[in-house]
Amino acid sequence: MQPSEPIPLRETRRRGRLARVIVERPGLVLGMLILGLIVLAAIFAPYLTPYDPYDQDIMSRRLPPVWNGWFLGDPQATMAHPFGTDNVGRDYWARLVYGARISLIVGFVSVAISGFIGSVVGISAGYFGGKVDLAANFLIQTRLAVPVILVALAAVAAFGGSLQMIILIAGLLLWDRAAVVTRTVTQQIAKRDFIKAAKALGASDLRIILTEILPNLAAPLAVILTVEMGQVILLEASLSFLGLGIPPPAPSWGLMLAEAKEDIFFAPWAIAIPGAALFLLVLSTSLVGDGLQKSRER
Amino acid sequence: MTAPLLKVDDLHVRIGARDRQVHAVRGISFEIARGETLSIVGESGCGKSMTSLAVMGLLPRTARRESHGISIDGARIDGLSDRAMSDLRGLKLAMIFQEPMTALNPVYTIGNQLEEAYRRHNPAAARGDARARAVYLLEKVGITAASERLNQYPHQLSGGLRQRVMIAMALMCGPDLIIADEPTTALDVTIQAQILRLLRDLQTEFNLSILLITHDLGIVARTADKVAVMYAGEFVETGTAREVFNAPAHPYTRGLLAAIPVPGKTERGGKLAAIPGTVPSLTDHLEGCSFFGRCSRAVPDCALGHVALTEPSAGRAWRCRRPYLEEAAHQGGALS
Amino acid sequence: MMVYALKRAVLGLAIMLTISMAVFALTNIASDPAIAIAGEGATATDVEAVRQRYGFDRPVVERYAEWLGHAVRGDFGMSYRQQRPVARVVLERFPVTFTLACLALGFSLALALPLAMFAALWPNSMIDRFAVLTALVAQAVPTFWLSLLGILVFSVELGWLPVSGSTSFVHYILPAACLGFFAMPAILRLTRAGLLEVLEADYIRTARAKGLRTPTILVKHALRNAIIPVVSIASVQFGYLLSGSVIVETIFAMQGIGYLAWESVSSADLPVVQALVLVTAFFYVLLTLFADILNAWLDPRIRIA
Amino acid sequence: MSAEPMIDVRRINVTFSVSRGFMAGRKPLRAVQEVDLVAHAGETLAIVGESGSGKTTLANAILNIHPPTSGEIFLDGRAVRSLGRKEFARQVQPVFQDPYSSLNPRRSVGATIMQPLIVHGIGDHVEREQKLLRILDLVGLPRRVVNALPHQLSGGQRQRVAIARALIIAPKLLVCDEPTSALDVSVQAQILNLLQDLRTELGLTYILITHNLAVVEHIASRVAVMYLGRIVEEASVEDLFRAPKHPYTIALLESALTPDPTLGLPDLGLSNVFPNPIDPPSGCHFHPRCNRTFAPCSRVAPRSIVSDGHRLECHLYDPDIMSAHNAHSGDL
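Please read these numbers as outputs of a predicted model, since none were measured by experiment. (Residues numbered from 1 in each chain as written. Chains lettered and ligands numbered in written order. Predicted model: local features only at pLDDT ≥ 70, side-chain atom pairs only at ≥ 80, totals over all residues. Heavy atoms only, no water.)

K.L.:
Can you tell me about the overall build of chain C, naming the residues and giving the values?
P.N.:
Each helix and strand counted, chain C has 13 helices and zero strands in total. Listing the helices and strands of chain C from first to last along the sequence gives α-α-α-α-α-α-α-α-α-α-α-α-α. In terms of its C-alpha atoms, chain C occupies a principal-axis envelope of roughly 85 × 60 × 30 Å. Residues counted as buried form 50% of the 305 residues belonging to chain C. Considering only intrachain contacts with a sequence separation of at least 6, the fraction spanning at least 24 residues in chain C is 73%. Accessible surface computed for chain C: about 13300 Å², of which carbon and sulfur atoms make up 70%. Computed over 22 positive and 19 negative side-chain charges, the inter-centroid distance for chain C is 15 Å. (Helix = DSSP H or I, 4+ residues; strand = E, 2+ residues; numbered from the N terminus. Buried < 20%, exposed > 50% of the residue type's maximum accessible area, 1.4 Å probe, protein only. Contact = heavy atoms within 4.5 Å. Areas by Shrake-Rupley, 256 points an atom, 1.4 Å probe, with all protein chains shown as cover. Lys, Arg positive; Asp, Glu negative; His and termini not counted. Charge placed at Lys NZ, Arg CZ, Asp CG, Glu CD.)

K.L.:
How would you sum up the sheet that holds strand β11 (residues 305-307) of chain D? Please name residues and give values.
P.N.:
Residue and element names in this part refer to chain D. Spatial ordering of the open sheet is given by β6-β7-β8-β3-β9-β10-β12-β11, a layout of eight strands whose pairing is mixed. Edge positions in the open sheet fall to β6 (92-95) and β11, since each of these has one partner strand only. Adjacent strand axes in the sheet meet at a mean angle of 15°, parallel and antiparallel pairs treated alike. Where strand β3 (residues 44-48) meets strand β9 (residues 222-227), four bridges bridge the pair, whose relative direction is parallel. Looking at the pairing, Ala 46 lines up with Val 223 of β9. Its contacts with the sheet place helix α1 (residues 55-62) against β3, β6, β7 (173-177), β8 (205-210) and β9, and it is angled at close to 155° to β8. Docked against the sheet, helix α5 (residues 155-167) engages β6 and β7, running at close to 175° with respect to β6. (Pairing = 2+ DSSP bridges. Axes fitted to C-alpha atoms, helices over the stretch in contact; angles between N-to-C directions.)

K.L.:
Can you explain the pairing of strand β8 (residues 177-181) of chain B? Please cite residues and give values.
P.N.:
Along any regular strand, the residues point their side chains to alternate faces of the sheet. All names here are of chain B. The element β8 is largely enclosed, with a buried count of five among its five residues. Here β8 shows a buried face lined by Leu 177, Ile 179 and Asp 181 and a second buried face lined by Ile 178 and Ala 180. As paired elements, strand β7 (residues 93-96) and β8 share four bridges and run parallel to each other. Among the inter-strand pairings, Ile 96 is bridged to a residue of β8, identified as Ala 180. Strand direction decides the pairing type here: β8 and strand β9 (residues 209-214), joined by five bridges, are parallel. Considered in β9, the bridge of Ile 178 is made with Ile 210. For the crossover that starts at β8, traverses helix α7 (residues 189-206) and ends in the parallel β9, the hand is right-handed. (Right-handed = clockwise from strand over helix to strand, strands pointing away.)

K.L.:
An account of the sheet that holds β7 of chain B is needed here, citing residue identities and associated values.
P.N.:
All names here are of chain B. Reading across the sheet, the eight strands line up as β7-β8-β9-β3-β10-β11-β13-β12 and stay open at both edges, with mixed pairing between neighbours. Each having just a single partner strand, β7 and β12 (310-313) make up the two edges of the open sheet. The average angle at which neighbouring strand axes cross in this sheet is 20°, direction not considered. Pairing geometry for strand β11 (residues 234-240) and strand β13 (residues 316-318), over two bridges, is antiparallel. Within the sheet, the bridge partner assigned to Glu 237 lies in β13 and is Trp 318. Running over the sheet, helix α1 (residues 48-56) touches β3 (37-41), β7, β8, β9 and β10 (226-231) and is turned about 145° from β7.

K.L.:
Which residues make up the interface of chain B and chain D, and what values do they have?
P.N.:
Taken residue by residue, the interface counts 49 residues in chain B and 44 residues in chain D. Around 4000 Å² of area is buried between chain B and chain D when both sides are counted, 57% of it from carbon and sulfur atoms. On the chain B side of the interface with chain D, the three residues burying the most area are Thr 190, Arg 222 and Arg 268 of chain B, jointly 21% of the side's total. Counting across the chain B and chain D interface gives four salt bridges. The salt bridge partner of Lys 265 of chain B is Asp 260 of chain D, with a shortest N-O separation of 4.0 Å. (Buried area = accessible area lost by both parts, 1.4 Å probe. Salt bridge = Lys/Arg side-chain N within 4 Å of Asp/Glu carboxyl O.)

K.L.:
I'd like to hear about the confidence of the model for chain C, residue by residue, with values.
P.N.:
Model confidence for chain C is summarised by a mean pLDDT of 86, while 96% of its residues fall at 70 or above. Confidence, read as mean pLDDT per element, is least for helix α2 (residues 33-38) of chain C in chain C (68) and greatest for helix α9 (residues 202-209) of chain C (93). (pLDDT = per-residue confidence, 0-100.)

K.L.:
Provide a residue-level description of the side chain of Ser 252 of chain A, including the pertinent values.
P.N.:
Here Ser 252 of chain A lies in the loop between α11 (205-241) and α12 (253-261). Here Glu 236 of chain A takes part through its side chain, which lies 2.8 Å from a polar atom of the side chain of Ser 252 of chain A. (Polar contact = N/O pair within 3.5 Å; in protein donor to acceptor, adjacent residues only side chain to side chain.)

K.L.:
Before we move on, could you go through α5 of chain D and cite the residues and values that matter?
P.N.:
Counted at 1.5 Å a residue, the expected span for α5 of chain D with its 13 residues is 18 Å, and the 19 Å between its end C-alpha atoms agrees. Across the 13 residues that make up α5 of chain D, a large majority, 13, are buried. (Expected span 1.5 Å × (residues − 1).)

K.L.:
Before we move on, could you go through a positive patch on the surface and cite the residues and values that matter?
P.N.:
Residues Lys 199 of chain A together with Arg 85, Lys 86 and Arg 90 of chain D make up a contiguous surface patch of positive charge. For Arg 90 of chain D, the location among the structural elements is in the loop between α2 (85-89) and β6. (Patch = residues over 30% accessible without salt bridge, like charges linked within 9 Å, V, L, I, M, F, W, Y side chains within 5 Å.)

K.L.:
Tell me what's going on with the packing of helix α7 (residues 143-157) of chain C against helix α10 (residues 214-252) of chain C, and back it up with residues and numbers.
P.N.:
Residue and element names in this part refer to chain C. Relative orientation of the contacting elements α7 and α10 amounts to 30°, with a least axis distance of 9 Å. By the angle between their directions, the pair α7 and α10 is classed as roughly parallel. The handedness of the crossing between α7 and α10 comes out as right-handed. The segment α7 lies against α10, with Thr 143, Phe 144, Ser 147, Leu 148 and Ile 151 engaging Ile 247, Val 248, Ile 251 and Phe 252. Here the contact of α7 with α10 is composed, by residue class, of seven nonpolar, two polar and no charged. (Parallel < 35°, antiparallel > 145°, perpendicular 65-115°, else oblique. Left-handed = near helix turned anticlockwise from the far one by under 90°. Nonpolar A, V, L, I, M, F, W, Y, C, P; charged D, E, K, R; others polar.)

K.L.:
Break down the packing of aromatic side chains for me, with residues and values.
P.N.:
To describe a pair of aromatic rings, you give the distance between the ring centres and the angle between the ring planes. Tallying each qualifying case throughout the model produces 25 aromatic pairs over all chains. Note on Tyr 127 of chain A and Phe 128 of chain A: the rings are 4.9 Å apart at their centroids and 85° apart in plane angle, and the pair reads as edge-to-face. Residue Tyr 127 of chain A is classed as buried on the basis of its relative accessible area, which comes to 10%. With a centroid separation of 6.0 Å and an interplanar angle of 45°, the aromatic rings of Phe 30 of chain B and Phe 235 of chain B are classed as tilted. Here Phe 30 of chain B, found in strand β2 (residues 22-32), pairs with Phe 235 of chain B, found in strand β11; they are 205 residues apart in sequence, far enough to count as distant. Residue class for Phe 30 of chain B comes out buried when judged on its relative accessible area of 7%. Taken together, Phe 94, Phe 98, Phe 238 and Phe 283 of chain C form an aromatic cluster joined through their ring pairs. The ring of Tyr 324 of chain B carries Arg 297 of chain B above its face, with NZ or CZ at 4.0 Å from the centroid. (Phe/Tyr/Trp six-rings, centres within 6.5 Å; stacked < 30°, edge-to-face > 60°. Lys NZ or Arg CZ within 6 Å of the ring centre and 35° of its normal.)

K.L.:
Outline the state of the cysteines, listing residues and values.
P.N.:
Counted by the stated rule, this structure contains zero disulfides over all chains. Between Cys 289 of chain B, a cysteine without a disulfide, and Cys 302 of chain B, which holds the nearest cysteine sulfur, the sulfur-to-sulfur distance is 6.2 Å. Note on Cys 102 of chain C: no disulfide assigned, nearest cysteine sulfur contributed by Cys 178 of chain C at a separation of 17 Å. (Disulfide = S-S within 2.5 Å.)

Here is the structure:
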């Protein structure tokens, strides 16, 4: 009955999309590459090293990494232990790849917990507003006033340190940013007319939250949780480093650093290696988060 | 006729980086005489706002301006550095923006922001002078209890009052030209009428030239001396308000006029003459008439070459190979 | 304005009350302090004796009320480990951490503010890219690793700075820098974002249309508005630095509350841990309250509501 | 007009509790006051007013998104309060102003239009798709847009999608809140034409919320003018445009700037005092801006006067007030 408009429908360009992403978002690509490699290394750890990360070898303690042999002519360096060994002779490379499992599991699971808590708090605050918002805001403010490391330390001291406990503590403590972001975004979405349209359809609040709001939250939530994952990994490493995280002899990177600290004068590489691994992992999450954020803004 | 106050020759504005460049303004030229109102009218995205910002030298960072000359009072301003240009802004030419709610700095009083404009261009003036000028102009723009208002912050005023403050601010240094970019779009209709009337009264009193940017044909018809209809970055029709409204030559102008219901003229409940299709994307190299594809009079030839401006008399022009000329002459303006 | 400040203070009080409850619950209900004090290898009768001596056998609510009443007056009980009043133990250590946090905040502000300012002035320029990259990298560096590397380079290799201790100013340089580096990325990012937003505001365009010169616009119109978020960011970060000092103080063996926290947690000295959590939270609440009131005063939209 | 009106709004009030400034005390804002309105089947009732007049709040009340604080709304003779939310929704649907905001950016056109069928559990998959194709034709959208996301469409196309979504469950009443204000002039005409065609074809009733009097004159049959929460004048469109009575209506009509270069700008004679909706003026809400205000205006709220289907709240047309006033001035 109406003449249909002839033109629009912009074509989405598919070809050369990957190449474009690489050129335009080098950070995102680099971050995904590093993160991917670390994830793969963690999954296939047993295939990447012949050693068990817990096996001590008193005969070969504090061996330097192989490149110390190449560049500094350190005669102790050997290809048998490419990353050297620690103060009780455990293979550093083996501890590193198995340690990646700990960091990643802590990162993923804690973020799943904190993301869930944060989203529930944030979405209900943003969607319902009013008193619910006041209550959520109070929760967020209270959470922010809690000194994270102190409380985490105290909690570990009280309940004992284990992988599960660390995950739980981090998940229960670090939901604030997810809550703040989901609250803000939900407020913006809730103001828009398609929410009003859904209400005028008689759709229930739960349905509106699940089908109208949640899909629009996915992208910002992914951004914040990726960045948050890096912070959770750092928290675990810090706690382990302070001796109140993952208990020894697990190959947590933080623990490796704590053990290496005793040898700071004799084996400086033992500090450099796990620290660099930690740095790379956290950097990769930051790069991915930042890249996702920039892609979203376009 | 004296020399025009503002003269713009072949202005181009390009936005963005090389591969995704938008050619937002594609070679427009116009003149405004002292005391005259030129209105540039067009739909969203036609480049009218970019034109106003280009004249002010306030284009966003990503945009570039090219021209064969922009001059005020015979003096070229297109080659000026931003520093030299800032000496003219507020003094020779001033601007009023669309959003009165955000255009004023929330942390300073009205008085502070008004006086600042004056003192910038009159550094030797005493503080009292600036204050006196501010009070005088606030009263001129119809704000009562002006001296008390000076101590108020923007959030304490309504939108209509803030726009009056913006107008007073533009007048602080007695400029010759006011550029008003959709000055009443954010306001209610009754306030719109009052603000437009205020602008017109001030224009007469101070012999101002006004460049009025708007999408509203009603505003144009009621306020402008000269009209330029802009489409896809170009002027498609120019002339005096009477010429353009009573005898539109370009199919686009005619289409716009036929698309809006006019009480007492359009048949109630009847069909409005909609313009099919959408505006072409300005990223591409445009070949032929930019209105081709939406035009009911188009012939295949219209898609070829560049359509030149036909200028039968000074100031009256259209960019069309098949303009409505005979009809216009016959109808003598009565458009149905 | 007074009403606003008052309401804000009430909110802070409510937060403190909630945290005090959580702290008390964590240390008294979730775990049994009597067992912790009695130590490993204690028999059931030993534990019971401790329980009675410290009054742990009374109802929880009663104990909480008593504890809170004392805490408000600055009495956090006796340290299990040192057998001295907790308040004195904490107060002794506080100046070190306060100095450290101030220096660290100064360090990160000195680094982040100019960088953020230049980055926001020229978005997408080299300096902006550099700033963004710096924030990304700094955010990924583990504080304790940075501290260890710092010791390796400046203390072990170069021998310029002392390895540990908190007796003189030079002892503070390395720890403050490491701690400051931890707060720097957040300040940098948020300041840059805040400035960018301000610079794109309509009133900046108005100021340019008035013919104001760029320095005037930046100093008068942009900075005045941009300072509002920076005040909040800095105060929040200062709160974080207080608790973040645990790691740095432990590594550098500085006798501040961070080190004290680590010692106390390690030896289950619960009254000290409780006090530290409360004091740190109290400081955070106080700082944000101060920042909010300062911002309200800076922003006429709140001041003259 | 023996049949029940399609929608019958009886003395409704909508009151919000508004905080004045940040964390300051709260005060009631009477956004809609004592509004009576009736729209019969097939009619287009326009509600006209400026920002802050309460017209969108009234629309939300009629849409049952924010039910009135007091008063009753009847749909086809049945109280809306007694109807289920979905039962009501099936008969009354909205079209909003900004099609950029009224469509979920993450949902394709097809899914958006079929959403009401899913929420209401109407039909199976095949039937829903058939309905979708039929409605696309009806609103003039090409079938290939089904899989497009909203951002790939033009403003006019989006508004067609919004209209299709509203119509797919075959409601009787459409509440259109500024349906063309966000659109360019050329597109606005397309949508107005579409709305006109749909009304005749489907026998719809419209409530049209707008500030554009030209649009009202073009497509509405009755019009109600709102000012600060109250309906100050209501009449048939012919009547109101031919002989407006309330000074505010007269000012509104004069401010509608038709594109006629011979007319120039109107002199409304209104004062530029802007009343705060939280703290409305005493007596007649319009009196501080009115150019014909006289003694009783600031003291007594005008009552509703009805004659020949023309309803009005203004002392100037109240014979009792006027005779008392004249007598009084005569004494002096």
